[in-house]
Amino acid sequence: MNNNKWLAFLLLIACQFSVVSAAAQTSYQFGFGSTDILDTYLSQEEFRGEGFTFLSLSEHCGQAWSSVIQNQVHLTSAKDRADNESLLEGSYNLYVGRYRAWQLSGGNLCLQAGGLANFGVGFIYNTRNSNNPAQARLSLQLMPSAIATWQFRLFGTTFTQKHGKASLRCEIDLPLVGLAFSPNYGQSYYELFSQGNYDHNVVPTTFVSAPCFRQQLTLTHKMTRSVAFSVGFLADYQQLRVNNLKQHVLCNHFMLGFSKGL
Amino acid sequence: MRRLLYIICLLPLFTACVDEEEFADTPQGNFEALWKIIDEHYCFLDYKQQAIGLDWNAVYQKYKVRVDEYMNEMQLFEVLTQMLAELRDGHVNLSASHDYGRYWSWYEDFPTNFSDTLCRAYMGTDYKIAAGLDYRILDDNIGYVRYESFQHGIGEGNLDEVLAYLMLCQGLIIDIRGNGGGDLTNAEKLAARFCHEKTLVGYSQHKTGPGHSEFSDMEAHYLEPSSNLRWHKPVVVLTNRQVYSAANEFVMYMKTLPQVTVVGDRTGGGAGMPFSSSLPNGWSVRFSAVPNYDAQRQSVEFGIDPDYAVALTDEDFQRGKDTIIEFARKLLAE
């Protein structure tokens with residue numbers, strides 16, 4: 001990519017941010033729930049535990065097009081089924097999306113379809129292993145995505161006239177193609193970092209080799225003119241099957257949060 | 001456009017779970033899990049089939065009948081440890097809360113060729129200590145450095161100080177007898193002080209799949225000369241059967257250098273960098289995963305022969321002399 005193309009790319013990203021910075025809605029959600037972790041580079045066993053999620057979402061929903069930027073942080077502590085061994089998992093994901101929007105039912109239903117670019121970085125750390133104690137996670141994915149937002153009356157007309165309508169938002173993100181980092185099947189990080197021996201460590205992924213799935217269901221209701229309270233559910237299934245290694249981090253988290261700037 | 005939308009709608013059908021076969025937490029389940037981990041991840045199954053006639057499928061049949069649902073944990077541990085011992089690998093261990101399963105015959109079946117009593121006689125009490133290195137100048141102006149374990153870290157500053165102190169000695173003895181390994185970077189750091197040009201010291205490869213023969217190409221491993229103080233005079237490395245893993249690699253590196261002589265017993269081996277995994281009942285298993293080879297692409301899993309095979313003798317021991325150190329001193333004095 002020459003310099004002009006890089007500049008155009010950076011300008012495009014900047015435009016995305018500038019659109020969203022003028023957006024009507026920014027929400028912050030904190031979640032807690034179960035997380036299942038498998039990484040066959042570290043162990044053949046599945047680990048289960050509790051995890052914490054922070055999710056910030058900036059959304060601009062225009063008449064025809066909308067933009068979304070999401071920042072998501074996961075932290076999990078998990079144990080094996082014998083309660084003998086621990087895993088720590090952490091990840092950060094940046095989702096930048098662009099959607100075509102359709103207003104239906106007199107504006108009460110907004111359907112959006114588009115795509116997300118998902119950049120993820122993270123780690124899984126096994127507290128007991130010696131030469132294979134951790135797994136680094138790095139990926140870039142293009143994900144088809146759809147959002148449905150339904151606005152409806154809650155607790156009767158008087159309440160709605162005073163506080164405005166409630167909204168139920170459902171987002172589904174699916175994998176398409178991408179790139180992911182992975183050591184090879186039996187490759188040590190010593191070979192990678194001390195000896196500089198690389199072997200299929202940046203792997204193209206598809207919806208078959210990285211069958212990720214992410215769903216958010218959020219119920220939002222205004223508490224004041226500009227602040228809304230939200231409850232929701234986040235199912236984030238990050239999976240990878242490359243270099244004969246298998247990995248999944250499956251989060252089912254109950255989310256609480258607030259939105260502002262509606 | 002409509003066709004693209006249909007395809008996108010069908011994508012959830014492909015988002016199947018990425019999962020691993022889960023074995024029951026029963027004696028049979030743990031046995032199956034352990035056998036499979038070794039079958040798919042252990043890196044010397046093919047090599048040991050040729051070298052010692054190991055047949056891992058036959059091992060399965062042999063030990064499967066010894067496992068039943070009524071066994072207690074200790075009985076199961078004993079059977080699984082015996083099964084792992086078929087690999088004849090000191091890097092293979094089974095860890096439970098009550099015991100540590102191991103195969104240590106690679107040195108237990110041989111003379112130690114090292115005496116702590118004699119070592120203390122040579123070192124005295126006024127020797128110097130620089131991180132993991134104990135060192136002093138012997139009476140005949142020979143430098144003596146003892147490195148007990150590569151688990152003990154050393155810094156470039158430590159090595160500078162040690163070599164500067166021994167600079168006027170006519171030769172150097174590096175005694176790594178009993179060194180069971182540790183951090184490979186410590187071994188490389190020390191060897192680089194005796195290397196004066198980029199030297200091919202060996203090869204490494206890794207498994208690329210669960211098959212016994214699925215390996216990457218061999219990657220050459222070069223030792224780069226240290227940019228700090230280096231030793232140009234003769235060096236003798238002392239070895240015994242307990243020299244294992246990273247210490248075995250150190251001997252492999254040093255044998256490629258022209259001014260280095262290895263004296264003592266054959267090393268214990270251990271040429272596979274170990275990985276870990278776990279069983280349904282929480283026991284941890286360690287196994288060789290990344291094989292290393294010498295500069296001739298030969299495995300050093302079962303050890304490296306010294307240039308001069310020398311053993312401690314009872315007569316010398318009675319006289320308070322370490323036969324191997326004395327042999328090294330004579331070599332360096334010549």
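All values derive from a computational prediction rather than experimental measurement.

(A) Broad picture of the overall build of chain B. Counting its regular elements, chain B contains twelve helices and 13 strands. Summarising its shape, the C-alpha atoms of chain B cover approximately 85 × 60 × 35 Å along the three principal directions. The 334 residues of chain B split such that 43% are buried.

(B) Looking closely at the sheet that holds strand S10 (residues 260-264) of chain B. Residues and elements named next belong to chain B. Spatially, the seven strands line up as an open sheet ordered S3-S4-S5-S6-S9-S10-S13, and their pairing is mixed. If you trace the sheet from one side to the other, it starts and ends with strand S3 (128-130) and strand S13 (308-309), each paired once. Bridge count for strand S4 (residues 133-137) against strand S5 (residues 142-147) is five bridges, and the pairing is antiparallel. Residue pairing for S5: Tyr 135 is matched across the bridge by Val 145.

(C) Here's a closer look at the interface of chain B and chain A. Counting residues at the interface gives 38 residues for chain B and 40 residues for chain A. Listing elements by their share of the side of chain B that touches chain A, those giving two or more residues are helix H2 (27-41), helix H9 (184-191), strand S8 (219-223), strand S11 (272-278) and strand S12 (284-294) of chain B. Sort the elements by how many residues they give to the side of chain B that touches chain A and S11(B) lands first, with six residues. A breakdown of the residues in the side of chain B that touches chain A according to their chemical character gives 17 nonpolar, 15 polar and six charged.

(D) Here's a closer look at the environment of B:Val59. Residues and elements named next belong to chain B. Of note, Val 59 is situated in helix H4 (residues 56-64). With 230 residues separating them along the chain, Val 59 and Ala 289 place their C-alpha atoms 19 Å apart. Apart from residues lying up to four places away in sequence, Val 59 is in contact with Met 83 and Glu 86.

(E) Summary view of the confidence of the model for chain B. In the predicted model, chain B carries a mean pLDDT of 94, and the fraction of residues at 70 or more is 96%. Quick note on the complex model: pTM equals 0.89, ipTM equals 0.90.

(F) Fine view of unusual backbone geometry. Even without a glycine there, the phi angle at A:His200 is positive, about 50°. Turning to its location among the elements, A:His200 is positioned in the loop between helix H3 (189-193) and strand S9 (202-206). Of note, the phi angle at B:Arg88 is positive, near 50°, even though the residue is not glycine. Assessed through the 18 C-beta atoms surrounding it within 10 Å, B:Arg88 is described here as partly exposed.

(G) Spotlight on the environment of B:Asn113. Assignment of secondary structure puts B:Asn113 in the loop between helix H6 (105-108) and helix H7 (116-123). In this view, B:Asn113 contacts B:Arg177, B:Asn240, B:Gly264, B:Asp265, B:Ala311, B:Leu312 and B:Ile324; residues no more than four positions away in its chain are not counted.

(H) Summary view of the nonpolar core. Residues B:Ile173, B:Ala191, B:Val237 and B:Phe250 are the most contacted members of the largest nonpolar core, which totals 50 residues. Counting residues per element, the ones that place at least two in this core are S5, helix H8 (156-165), strand S6 (171-175), H9, strand S9 (235-239), helix H10 (246-255), S10 and helix H12 (323-333) of chain B. In terms of residue count, the dominant contributor to this core is H10(B) (seven residues). With sequence-adjacent residues up to four places away left out, B:Val237 is seen in contact with B:Ile174, B:Ile176, B:Val251, B:Met254, B:Val260 and B:Val262. Core analysis: the next-biggest nonpolar cluster, separate from the first, contains 33 residues, A:Ala78, A:Tyr99, A:Leu240 and A:Val249 among them.

(I) Molecular detail of the environment of B:Ala24. Residue and element names in this part refer to chain B. Relative to the assigned elements, Ala 24 resides in the loop between helix H1 (2-10) and H2. For the pair formed by Ala 24 and Asn 281, sequence separation is 257 residues and the distance between their alpha carbons is 8.9 Å. Residues within four places of Ala 24 in sequence aside, it is in contact with Gly 29 and Pro 280.

(J) Just the pairing of strand S2 (residues 47-61) of chain A, in detail. Residue and element names in this part refer to chain A. The sheet contact formed by strand S1 (residues 25-39) and S2 spans 13 bridges and is antiparallel. Its bridge partner lying in S2, Asp 36 is registered against Arg 48. Note: S2 against strand S3 (residues 65-79), 14 bridges, orientation antiparallel. Counterpart to Glu 59 in the pairing with S3 is Val 68. Between the end of S2 and the start of S3, which pair antiparallel, lie three residues.

Calculation criteria
Residues numbered from 1 in each chain as written. Chains lettered and ligands numbered in written order. Predicted model: local features only at pLDDT ≥ 70, side-chain atom pairs only at ≥ 80, totals over all residues. Helix = DSSP H or I, 4+ residues; strand = E, 2+ residues; numbered from the N terminus. Buried ≥ 20, exposed ≤ 12 C-beta atoms within 10 Å, placed from the backbone. Pairing = 2+ DSSP bridges. Contact = placed C-beta atoms within 7 Å. Nonpolar A, V, L, I, M, F, W, Y, C, P; charged D, E, K, R; others polar. pLDDT = per-residue confidence, 0-100. Core = buried A, V, L, I, M, F, W, Y, C linked by C-beta atoms within 7 Å.

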